[in-house]
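Below are the chains, spelled out letter by letter.
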Amino acid sequence: MDNQFQYHIFAPYRVCPLGAHVDHQHGLVTGFAIDKGVDLWFNISDNSHVHLESKTFEGLVDFDLDMPSQVKENHWGDYARGAKYALRKRFDLKYGITGVIQGSLPIGGLSSSAAVLIAYVMAFAKANNITLQPFEVVKIASEAEREYIGLNNGLLDQACIALGRKDGLLFLDCDSNDWRIIKRHADMPDFEIGIFFSGLTRSLVNSDYNLRVYECKTAAWNMLAYTEQPLKTFDKTFLRDIPKATFDKTRIAMPARFARRAEHFYSEYRRVRQGVTAWETGNLKLFGKLSFDSCESSIHNYECGSPELIAIYEIMRSLPGIYGGRFSGAGFKGACIALVDPAHKEDIQRELTARYLEQFPEYERTFQIHWVRPDNGARFVE
């Protein structure tokens, strides 16, 4: 590829060990960029035309950067058009790109869509001599996903992909947007990240993802109404703005499903706080246990997870060498991730595969296990 194209961007996939389903309610989250992701090779055009090919998907993408974005076409080119849409709100775009994009893991649950968006934002910025700080890339890519693609996400995925560091854990407050990388403690044991793909593919926009966001906001509205506080419009209503004491007082009065969504938010907030302390002190066992507890709450309070994902999670809990783990991504199909002692990798792979396929033989061809490590965030490759 290298000799044909002048530029190469690598945008990693991401995993989030703690802080599940809370970014859209302005909660606290953690994450890693990993050493698998999306590669975009490109040259800068001498006009505004964009021409893209994919090694992963069929068809070609052609459009002009200086024309307004048309409605999305439900095609892989929407991500490039979404990046254009969000950038054009801020900048004049005169020069397009000709490029080829390729993903390195053909599985769901790792935020490949956010990685692709970040690659396009960085490429279009480069072509037009626009200098963006990493957090600006995060915000522009997130806006593209919300407003153009139609997924009501927070900043978690984009932040991990753009800001992640090989030797640390990203800690992000989705209310203030303050973030820091917490370096690995010298005493922390080595670990790798197992990615256990159920074999079931998914589309987030068609899953219950957006519905859960609205349920969280409805829980917040209930609390405000029961305590005679003024309501805000839905887009400005977040669980983070309501103290847990208000939830404790009002949970009994609201429909149980809304109380469960709020319970997940407040308990996850506490788990992330405890997890950050565990990470800072090198206590990988406690950090892993909190990740398992997070998944438990995702199943019972947030009510996501297919039978396949729940089966993988239950097998994971019983295997030696797994510190902890949970569903990855929105947790409706996709994958589970786990923090693993490398000495146990082969046993885990053998045992997990056998026990999962015993329950779900229909996924024999599509079930996959991958081993990855934390990596640095999205970057130009020299």
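As shown above, the structure is provided for reference.
These lines cover the structure that appears in this document, whether it is placed above or below. Just so it is clear, the structure is predicted and the values come from calculations on it, not from any experiment. (Residues numbered from 1 in each chain as written. Predicted model: local features only at pLDDT ≥ 70, side-chain atom pairs only at ≥ 80, totals over all residues. Heavy atoms only, no water.)

### Description of the sheet that holds strand S11 (residues 368-372)
Consideration 1: Spatial ordering of the open sheet is given by S9-S10-S8-S11, a layout of four strands whose pairing is antiparallel. This sheet does not close on itself; its edge strands, each paired only once, are strand S9 (322-328) and S11. Taking the axes of each pair of neighbouring strands and ignoring which way they run, one obtains an average angle of 20° across the sheet.
Consideration 2: Looking at chain direction, S9 and strand S10 (residues 335-340) are connected through six bridges and run antiparallel. Looking across to S10, one finds that Gly325 is bridged to Ala338.
Consideration 3: Relative to S11, helix H10 (residues 345-359) is tilted by about 160°, and along the sheet it contacts strand S8 (192-197), S9, S10 and S11. (Pairing = 2+ DSSP bridges. Helix = DSSP H or I, 4+ residues; strand = E, 2+ residues; numbered from the N terminus. Axes fitted to C-alpha atoms, helices over the stretch in contact; angles between N-to-C directions. Contact = heavy atoms within 4.5 Å.)

### What about the packing of helix H1 (residues 78-88) against helix H3 (residues 134-149)?
Consideration 1: Where H1 contacts H3, the two axes come as close as 8 Å, and the packing angle between them is 115°. Considered as vectors, H1 and H3 are oriented roughly perpendicular to each other. The handedness of the crossing between H1 and H3 comes out as right-handed. Along the contact surface, H1 presents Asp78, Tyr79, Arg81, Gly82, Ala83, Tyr85, Ala86 and Leu87, while H3 presents Ile140, Glu143, Ala144, Glu147, Tyr148 and Ile149.
Consideration 2: By residue class, the composition of the contact of H1 with H3 is nine nonpolar, one polar and four charged. (Parallel < 35°, antiparallel > 145°, perpendicular 65-115°, else oblique. Left-handed = near helix turned anticlockwise from the far one by under 90°. Nonpolar A, V, L, I, M, F, W, Y, C, P; charged D, E, K, R; others polar.)

### What to know about the pattern of salt bridges
Consideration 1: Following the criterion strictly, the structure yields 25 salt bridges and no others.
Consideration 2: Among the salt bridges present, the one from Lys89 reaches Glu147, with a minimum N-O distance of 2.6 Å. Separated by 58 residues along the polypeptide, Lys89 in the loop between H1 and strand S5 (97-103) and Glu147 in helix H3 bring together distant segments of the chain.
Consideration 3: Here Glu147 falls in the partly exposed class, since its relative accessible area comes to 40%.
Consideration 4: Lys289 is paired through a salt bridge with Asp293; the nearest N and O atoms lie 2.6 Å apart. (Salt bridge = Lys/Arg side-chain N within 4 Å of Asp/Glu carboxyl O. Buried < 20%, exposed > 50% of the residue type's maximum accessible area, 1.4 Å probe, protein only.)

### Describing the packing of helix H2 (residues 112-127) against helix H4 (residues 156-163)
Two quantities define a packed helix pair, namely the angle between the helix axes and the distance between the axes.
Consideration 1: The N-to-C vectors of H2 and H4 enclose an angle of 55°; their axes lie 9 Å apart at closest approach. By the angle class used here, H2 and H4 are oblique. Regarding H2 and H4, the two cross each other, and that crossing is right-handed. For the pair H2 and H4, contact is made by Ala114, Ala115 and Ile118 and by Asp157, Gln158, Ile161 and Ala162, respectively.

### A word on the nonpolar core
Consideration 1: Counting 123 residues, the largest nonpolar core has Tyr120, Phe124 and Ile193 as the members making the most contacts within it.
Consideration 2: The element contributing the most residues to this core is H2, with 13 residues.
Consideration 3: Excluding residues within four positions of it along the chain, Ile193 makes contact with Val15, Phe32, Ile34, Ile337, Ala338, Leu339, His370, Trp371, Val372 and Pro374. (Core = buried A, V, L, I, M, F, W, Y, C linked by side-chain atoms within 4.5 Å.)

### Quick notes on the environment of Asp157
Consideration 1: Among the structural elements, Asp157 can be located in helix H4.
Consideration 2: Residue Asp157 is classed as buried on the basis of its relative accessible area, which comes to 13%.
Consideration 3: Expressed as a C-alpha distance, the spacing of Asp157 and Ser112, which sit 45 residues apart in the sequence, is 9.2 Å.
Consideration 4: Among all residues touching Asp157, those that are not within four sequence positions of it are Arg14, Ser111 and Ala114.

### Overview of the side chain of Arg81
Consideration 1: Along the chain, Arg81 falls in helix H1.
Consideration 2: Residue Arg81 is classed as buried on the basis of its relative accessible area, which comes to 7%.
Consideration 3: Looking at Arg81, its side chain comes within polar contact range of the side chain of Asp78, at 3.3 Å.
Consideration 4: For Arg81, the residues in contact, after removing those within four places along its chain, are Val61, Phe63, Ser69, Glu73, His75 and Tyr148. (Polar contact = N/O pair within 3.5 Å; in protein donor to acceptor, adjacent residues only side chain to side chain.)

### Some thoughts on H2
Consideration 1: Taking 1.5 Å per residue, 16 residues should reach 22 Å; H2 reaches 23 Å between its end C-alpha atoms and fits that length.
Consideration 2: In terms of burial, H2 is largely enclosed, as 14 of its 16 residues are buried.
Consideration 3: At the exit of H2 stands Asn129, carrying a positive phi of roughly 55°. (Expected span 1.5 Å × (residues − 1).)

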